Amino acid sequence: MPDLEIRNLHAQAGDKQILKGIDLTVKQGEVHALMGPNGSGKSTLANVVMGHPNLEVTEGQIIFGGEDITEADPDERARLGLFMAFQYPVSVPGVTITKYLRMVMNAHREERGEEPVSLKDFRRIVEEAMQLTAIPKQFASRYLNEGFSGGEKKRLEMLQLALQRPTMAVLDETDSGLDIDALNVVAGAVNSVKADSGMGVLIITHYQRILHHIRPDRVSIVFDGRIATEGGPELVEQLEREGYGKIREAFAPAGA
Ligand SMILES: Nc1ncnc2c1ncn2[C@@H]1O[C@H](COP(=O)(O)OP(=O)(O)O)[C@@H](O)[C@H]1O
Ligand SMILES: [Mg+2]
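The rules behind the values
Residues numbered from 1 in each chain as written. Chains lettered and ligands numbered in written order. Predicted model: local features only at pLDDT ≥ 70, side-chain atom pairs only at ≥ 80, totals over all residues. Helix = DSSP H or I, 4+ residues; strand = E, 2+ residues; numbered from the N terminus. Rg over C-alpha atoms; globule rule 2.2 N^0.38 Å. Buried ≥ 20, exposed ≤ 12 C-beta atoms within 10 Å, placed from the backbone. Contact = placed C-beta atoms within 7 Å. Core = buried A, V, L, I, M, F, W, Y, C linked by C-beta atoms within 7 Å. Pairing = 2+ DSSP bridges. Near = placed C-beta within 6 Å. Nonpolar A, V, L, I, M, F, W, Y, C, P; charged D, E, K, R; others polar. Axes fitted to C-alpha atoms, helices over the stretch in contact; angles between N-to-C directions. Parallel < 35°, antiparallel > 145°, perpendicular 65-115°, else oblique. Left-handed = near helix turned anticlockwise from the far one by under 90°.

A. Highlighting the overall build of the protein chain. Looking only at helices and strands, the protein chain features eight helices and ten strands. For a compact globule of 256 residues, the expected C-alpha radius of gyration is about 18 Å, and the protein chain comes in at 19 Å, within 12% of that figure. Each of the three principal axes of the protein chain carries a C-alpha extent, and together these read 60 × 35 × 35 Å. Sorting the 256 residues of the protein chain into buried and exposed places 34% on the buried side. Expressed as a percentage of contacts within the protein chain between residues at least 6 apart in sequence, the contacts between residues at least 24 apart total 71%.

Structure, rendered in structure tokens:
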């Protein structure tokens, strides 16, 4: 079973050390929430797990399904079943979401040495994905170069999630942009895909809000590039009561 294991992970951007020894395991079929104050390194961790080229791992490992993927390129990670947030092209005139999704699917198939998907199969797969995520059909005929609101980007991302059926999804919920509709789309889609496929989820968030909709099995709190505390879902309620103040006091370097 492909667990995601992050061991003593150190990473830097340029010469700035951001991750300073992260240990974290996301088990297959589990929701693991990573919380922490702004600037603590949450998005950096997500980006390193996905193989972002601007981040350098200086120590430690990322193991997925027993395989060391610390140096694997992003495509290889996706092929192994790790979900990457949707990378939509900035602007491709005349290309609809449907057409784009088909291009992406065929690119993946070609990589695996498979024939392009037939139009009939593709229609069926997309329809299933739209049902699972409760995304209206009209959305798929939108053009990529029209630009997307934060909520629409989330719809696109969730559609991609339902199409890929990954074994592990890393979702960096940049919180601020999520209105209640987007929150419902994300929560509904993640819960349905998870129920359908048993994927593991690493959900990254500053606020507790989304964790009322996607219930975590485990919770880790990151502070200044390290895991300050790990526990069960009760940690979410504790944070709700106490905020990050206590953790800050306990882990901030003296005088900071
Ligand atoms: N590419 C980068 N270059 C330099 N510093 C960065 C880069 N990305 C993130 N940082 C810094 O690393 C720290 C952690 O950022 P981030 O991982 O985005 O935090 P979070 O997602 O928890 O809010 C911040 O101080 C941020 O300014
Ligand atoms: Mg972030």
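The rest of the description comes next.
B. Looking closely at the nonpolar core. Formed by 63 residues in total, the largest nonpolar core has its most connected members in Ala162 and Ile203. Per-element accounting of this core gives the leading share, seven residues, to helix H6 (residues 180–197). Setting aside anything within four residues of it in sequence, one finds isoleucine 203 in contact with Val31, Ala33, Leu171, Glu173, Ile210, Ile214 and Pro216.

C. A look at the pairing of strand E8 (residues 200–205). Extensive coverage of E8 is indicated by the burial of six of its six residues. Across the two faces of E8 the burial is the same, with Gly200, Leu202 and Ile204 and Val201, Ile203 and Thr205 all buried. Sheet analysis places strand E3 (residues 31–35) next to E8, joined by five bridges and oriented parallel. Residue pairing across strands places leucine 34 opposite isoleucine 204, the latter belonging to E8.

D. Just the sheet that holds E8, in detail. Taken in spatial order, the six strands of this open sheet run E6-E7-E8-E3-E9-E10, and their pairing is mixed. Since the sheet does not close on itself, it has two edges, and those belong to strand E6 (82–83) and strand E10 (226–231), each with one partner. Pairing between E6 and strand E7 (residues 168–172): two bridges, direction parallel. Paired with phenylalanine 83 across the two strands is alanine 169, which belongs to E7.

E. Structural view of the site of ligand 1. Lining the immediate environment of ligand 1, one finds 13 residues, of which Ala13, Gly39, Lys42, Ser43 and Thr44 sit closest. Of all elements in the fold, only strand E2 (16–26) and helix H1 (42–50) reach the threshold of two or more residues within the shell around ligand 1. In terms of residue count, the dominant contributor to the shell around ligand 1 is H1 (three residues). Of the residues assigned to the shell around ligand 1, the class counts are two nonpolar, nine polar and two charged.

F. Seen up close, the sheet that holds strand E4 (residues 55–64). Spatial ordering of the open sheet is given by E2-E1-E4-E5, a layout of four strands whose pairing is antiparallel. Of all strands in the sheet, those with a lone pairing partner are E2 and strand E5 (67–68), marking the two edges. Pairing between E4 and E5: two bridges, direction antiparallel. Opposite phenylalanine 64, over in E5, you have glutamate 67 as the bridge partner.

G. The packing of helix H5 (residues 150–164) against H6, seen in detail. Running from amino to carboxyl end, H5 crosses H6 at an angle of 5°, the nearest separation of the two axes being 9 Å. Here H6 runs roughly parallel to H5, going by the angle between their axes. Of the residues in H6, those in contact with Gly150, Gly151, Lys154, Arg155, Met158, Leu161 and Ala162 of H5 are Asp181, Ala182, Val185, Val186, Ala189 and Val193. A breakdown of the residues in the contact of H5 with H6 according to their chemical character gives eight nonpolar, two polar and three charged.

H. View of the packing of helix H4 (residues 119–133) against H5. In the contact formed by H4 and H5, the axes pass within 9 Å of each other and the chain directions differ by 120°. Regarding the angle of H4 to H5, the classification is oblique. Remark: the crossing between H4 and H5 carries right-handed chirality. Two secondary-structure elements touch here, H4 through Ile125, Ala129, Met130, Leu132 and Thr133 and H5 through Met158, Leu159, Ala162 and Leu163.

I. Highlighting unusual backbone geometry. Here the phi dihedral of arginine 165 falls at roughly 45°; this positive angle occurs in a residue that is not glycine. Its location among the elements puts arginine 165 in the loop between H5 and E7. Look at arginine 165 and you get partly exposed, because 16 C-beta atoms sit within 10 Å. Non-glycine residue aspartate 224 carries a positive phi angle of around 50°. The class of aspartate 224 is partly exposed, set by 19 C-beta atoms lying within 10 Å.

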